[in-house]
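# Breakdown of the fold
Letter by letter, the chains look like this.
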Amino acid sequence: IKESATLTRDVLEQHFNDLKGTLKKLLDERLMSLLQEVDAIEQESIKPLDECQKLIEHGVSTADDLLREGESAVHGDAGQQNEKLCSFTEKALHIQLDSLPEVPSLVDVPCLSAQLDDCLLTILKNQIFRHGTVASRPPVQLEEFVEKPGGILVRWCKVDDDFIPQDYRLQYRKGTASHFEDVYVGSETEFIVLHIDPNVDYQFRVCARGDGRQEWSPWSVPQIGCTTLVPHEWTTGLEGYSLSSRRNIALRNDSQSCGVLYSKAPTYFCGQTLTFRQVLCGIETVGQPDRRDSLGVCVEQQNGYDSLQRDKAVCISTNGAVFVNGKEMTNQLPAVTSGSTVTFDMEAVQLGPSSNEGGNFKLRVTISSNNREVVFDWVLDQCCVSLYFGCSFSHPGWKVLVF
């Protein structure tokens, strides 16, 4: 409670400080815009009045000069009086002392004023007092963490019966990192988070968006998830395959070399789910299928084969055929295509009291593909705690992710 309360205070303070800064910036920008508008109107409106004033002042100055010249002619010397009167009369005839420039009408002269609507404060006040809420009961909570090789299956559930979710949003952060990252947004209530380092704590949280709403709900209580299982990796060095940096994606390249690409180690344990997923690869979504293609698991690595369709292995071909110890089953699954997901689930079933001493050992195998599955028993001559996985493709273009 104290941790979430502290975090909530920090979020509220940061949000409202950001709002204050943004509001001040917006008000300053609006003030500057209005002041510039006043300046523009003033300059545009005063220009004709200034020109009119200059003409009037010039006419008054000219009339004043002519008046002084006339007084000088009347009161001057008698010898020059006639000459000055003639000059005065000539100037007076050419100067229009009875004309004035056109003065704008009073109704056409602007009178500036500021029009400020006081209701803005009321609107802002009402909006501010309704802005933000504090919630103590998020509508969704994290429910379960399931360890996966190099990943964690996260499940969550709705805890508010009145809440109708449209989408969920899952976030995580590693250890004591400062920021959460989005890892899933969608309508499902579980998600496998990959690229998880083993034996490292990760913190998760989830929220939801109500039906027809844009805003997200409050976050769930953060919880710690961890996996002790090392990630599945393909082995390096096989010429016909190129691997991703994390070695969990294999691409069948253009090399003519063929063979089975195995896992780096026997990291698949009974009771787990092993998943192969076809990944888009450039323009070509998948390569050309071949009956020898295979995705599956085996007891041990055996070089010299170009397919897992052999003894001590179970696999599915890209055409959907299922093979057990090299023999094709009558049941068939849908063909593997772009975006297909194939899963293997195995459960140990011992046969007889001496099964751990070299007797028969049975695994109940479930292979699923495109919403269909086959279930069968795989009988081995030895107890197998862990298995290798592998793949083989005859043609380039196939790209498979394992997790």
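Thresholds applied
- Residues numbered from 1 in each chain as written.
- Predicted model: local features only at pLDDT ≥ 70, side-chain atom pairs only at ≥ 80, totals over all residues.
- Heavy atoms only, no water.
- UniProt positions renumbered as here; feature names shortened; annotations may be inferred.
- Core = buried A, V, L, I, M, F, W, Y, C linked by side-chain atoms within 4.5 Å.
- Buried < 20%, exposed > 50% of the residue type's maximum accessible area, 1.4 Å probe, protein only.
- Domains from an automatic or database assignment.
- Contact = heavy atoms within 4.5 Å.
- Buried area = accessible area lost by both parts, 1.4 Å probe.
- Salt bridge = Lys/Arg side-chain N within 4 Å of Asp/Glu carboxyl O.
- Polar contact = N/O pair within 3.5 Å; in protein donor to acceptor, adjacent residues only side chain to side chain.
- Nonpolar A, V, L, I, M, F, W, Y, C, P; charged D, E, K, R; others polar.
- Phe/Tyr/Trp six-rings, centres within 6.5 Å; stacked < 30°, edge-to-face > 60°.
- Helix = DSSP H or I, 4+ residues; strand = E, 2+ residues; numbered from the N terminus.
- Lys NZ or Arg CZ within 6 Å of the ring centre and 35° of its normal.

Going by what an unreviewed UniProt entry lists, the protein is known as Cytokine receptor-like factor 3 and is assigned to Anhinga anhinga. In UniProt, the protein has this text filed under Sequence similarities (unreviewed entry): "Belongs to the cytokine receptor-like factor 3 family." In the Subcellular location (unreviewed entry) part of its UniProt record, the protein is described as follows: "Cytoplasm".

### A short note on the nonpolar core
Ranked by size, the top nonpolar core spans 36 residues in total, and within it Phe276, Met346, Phe376 and Trp378 carry the most contacts. The next biggest cluster of nonpolar side chains, apart from the first, holds 16 residues, and it includes Leu142, Leu170, Tyr184 and Val206.

### Section: the domain arrangement of the protein
What the domain assignment reports for the protein is domain 1 (1-130), domain 2 (140-227) and domain 3 (241-402). Its C-alpha centre places domain 2 at a distance of 31 Å from the equivalent point of domain 3. Contact residues are listed per partner, giving four residues for domain 2 and five residues for domain 3. Looking only at domain 2, the three residues that lose the most surface to domain 3 are Lys148, Pro149 and His195, adding up to 79% of its buried area. Between the two partners, domain 2 and domain 3, sit zero salt bridges. At the surface where domain 2 touches domain 3, the tally comes to zero residue pairs in polar contact (both at pLDDT 80 or more). Along the lines of polarity and charge, the residues of the side of domain 2 that touches domain 3 split into two nonpolar, one polar and one charged.

### A short note on the packing of aromatic side chains
Summed over the entire model, instances satisfying the criterion amount to 11 aromatic pairs. Centroid distance Trp234 to Phe389: 5.0 Å. Interplanar angle 80°. Geometry classified as edge-to-face. Residue Trp234 is located in the loop between β7 (223-225) and β8 (241-243), and its partner Phe389 is located in strand β20 (residues 386-392); the two are separated by 155 residues in the primary sequence. There is no split in this pair, since Trp234 and Phe389 are both buried. Relative to Trp398, the ring of Phe393 lies with its centre 5.2 Å away and its plane at 10°, an arrangement referred to as stacked. For the pair shown, Phe393 and Trp398 are each scored as buried. Connected via pairs of aromatic rings, a cluster forms that spans Phe145, Tyr172, Tyr202 and Phe204. For the cation-ring pair, Arg205 lies above Phe180, with the distance from its terminal atom to the ring centre recorded as 4.0 Å.

### Notes on the pattern of salt bridges
Tallying each qualifying case throughout the model produces 15 salt bridges. The salt bridge involving Asp306 is made with Arg292; its shortest N-O contact spans 3.6 Å. Of this pair, Asp306 sits in the loop between β13 (294-298) and β14 (313-316) while Arg292 is found in the loop between β12 (273-278) and β13, placing the two residues 14 residues apart along the sequence. Relative accessible area serves as the criterion here: at 35%, Asp306 is assigned to the partly exposed category. Here the salt bridges share partners, and the residues they tie into one network are Glu144, Arg155 and Glu190.

### As for the UniProt feature "domain: Fibronectin type-III" (unreviewed entry) in the protein
Taken from the UniProt record, the annotation "domain: Fibronectin type-III" (unreviewed entry) applies to residues 138-231. The annotated region residues 138-231 carries 0% helix and 53% strand content, and the separation between its end C-alpha atoms amounts to 33 Å.

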